Amino acid sequence: MELQRLIPNATPKMVSQQLRDLEKSGLISREVIPEKPPRTIYSLTEFGKSIIPVLDVMCTWGNGLLKLTECENALSKAGEGMNGVKRILSFPYLM
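Within an unreviewed UniProt entry, the label attached to the chain reads HTH hxlR-type domain-containing protein, and the organism entered is [Clostridium] clostridioforme CAG:132.

Following this line, the structure appears as structure tokens:
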């Protein structure tokens, strides 16, 4: 339910399928707590934790891309050309 609240556009079926896939891949573990109503706790496995550095790099890359796109959009709206600006603001330096 916590995941469902965090991702409102995801259907319960979609969230359940993704969790099953992640568990099947060994990235997360699932523990069912036998209480009324039953509670399920998901946690990262050691294998799942090993992908965190990769996701951090991808997030940094994505944020840099968003910044570059915002710059391009702002300059386009202002009627400026991007040729010289792209050379100065090379993508890796925006991170």
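J.: Could you clarify how one ought to interpret the overall build of the chain in this entry?
T.: Regarding its fold elements, the chain presents five helices and two strands. Secondary structure elements of the chain, listed N to C terminal, follow the sequence α-α-β-β-α-α-α. Within the chain, residue pairs in contact and separated by at least 24 positions form 16% of the contacts whose partners lie at least 6 positions apart.

J.: Honestly, the pairing of strand S2 (residues 39-44) in this entry has me stumped. Any pointers?
T.: One face of the sheet, then the other: side chains in a regular strand alternate in exactly this way. Bridge count between strand S1 (residues 28-33) and S2: six bridges; the pairing is antiparallel. When the bridges of S2 are listed, Arg 30 appears paired with Tyr 42. Counted along the chain from S1 to the antiparallel partner S2, the turn is five residues long.

J.: Just checking my understanding: could you explain a nonpolar patch on the surface for this structure?
T.: On the surface, Ile 51, Val 54, Leu 55 and Met 58 cluster together into a nonpolar patch covering about 360 Å² of accessible area. Tracing the sequence through the fold places Met 58 in helix H4 (residues 52-77).

J.: Help me understand the side chain of Thr 45 in this model?
T.: Take Thr 45: it is sitting in the loop between S2 and helix H3 (46-49). The class for Thr 45 is buried, based on a relative accessible area of 19%.

J.: So what exactly am I meant to see when it comes to helix H2 (residues 12-24) here?
T.: An α-helical turn contains 3.6 residues, so a residue and the one three or four places further along point in the same direction. With 13 residues, H2 extends 18 Å between its outermost C-alpha atoms, agreeing within 8% with the 18 Å of an ideal straight helix rising 1.5 Å per residue. Just downstream of H2, Gly 26 is the residue with a positive phi angle, here 85 degrees.

J.: Is there a simple way to explain unusual backbone geometry in this structure?
T.: Excluding glycine, residues mostly have negative phi values, and the peptide bonds linking residues are mostly trans. Following Lys 36, the chain continues to Pro 37 via a peptide bond in cis, the omega torsion being -15 degrees. Considering the arrangement of structural elements, one finds Pro 37 in the loop between S1 and S2.

J.: Sorry, what's going on with the pattern of salt bridges here?
T.: It is possible for side chains bearing opposite charge to pair when their charged atoms get close. Evaluation of the coordinates by the stated rule reveals two salt bridges. Here Arg 39 ties to Glu 35 by a salt bridge, and the two come within 3.1 Å at their closest N and O atoms. Taking relative accessible area as the criterion, Glu 35 reaches 36% and is therefore assigned partly exposed.

J.: What am I meant to see in the environment of Leu 19 here?
T.: Locating Leu 19 in the fold gives a position in helix H2. Taking relative accessible area as the criterion, Leu 19 reaches 13% and is therefore assigned buried. Along the sequence, Leu 19 and Arg 30 sit 11 residues apart, while their C-alpha atoms lie 8.9 Å from each other. Non-local contacts of Leu 19, meaning those with residues more than four positions away in its chain, are made with Leu 3, Ile 28 and Tyr 42.

Definitions and limits used
Residues numbered from 1 in each chain as written. Predicted model: local features only at pLDDT ≥ 70, side-chain atom pairs only at ≥ 80, totals over all residues. Heavy atoms only, no water. Helix = DSSP H or I, 4+ residues; strand = E, 2+ residues; numbered from the N terminus. Contact = heavy atoms within 4.5 Å. Pairing = 2+ DSSP bridges. Patch = residues over 30% accessible without salt bridge, like charges linked within 9 Å, V, L, I, M, F, W, Y side chains within 5 Å. Areas by Shrake-Rupley, 256 points an atom, 1.4 Å probe, with all protein chains shown as cover. Salt bridge = Lys/Arg side-chain N within 4 Å of Asp/Glu carboxyl O. Buried < 20%, exposed > 50% of the residue type's maximum accessible area, 1.4 Å probe, protein only. Expected span 1.5 Å × (residues − 1).

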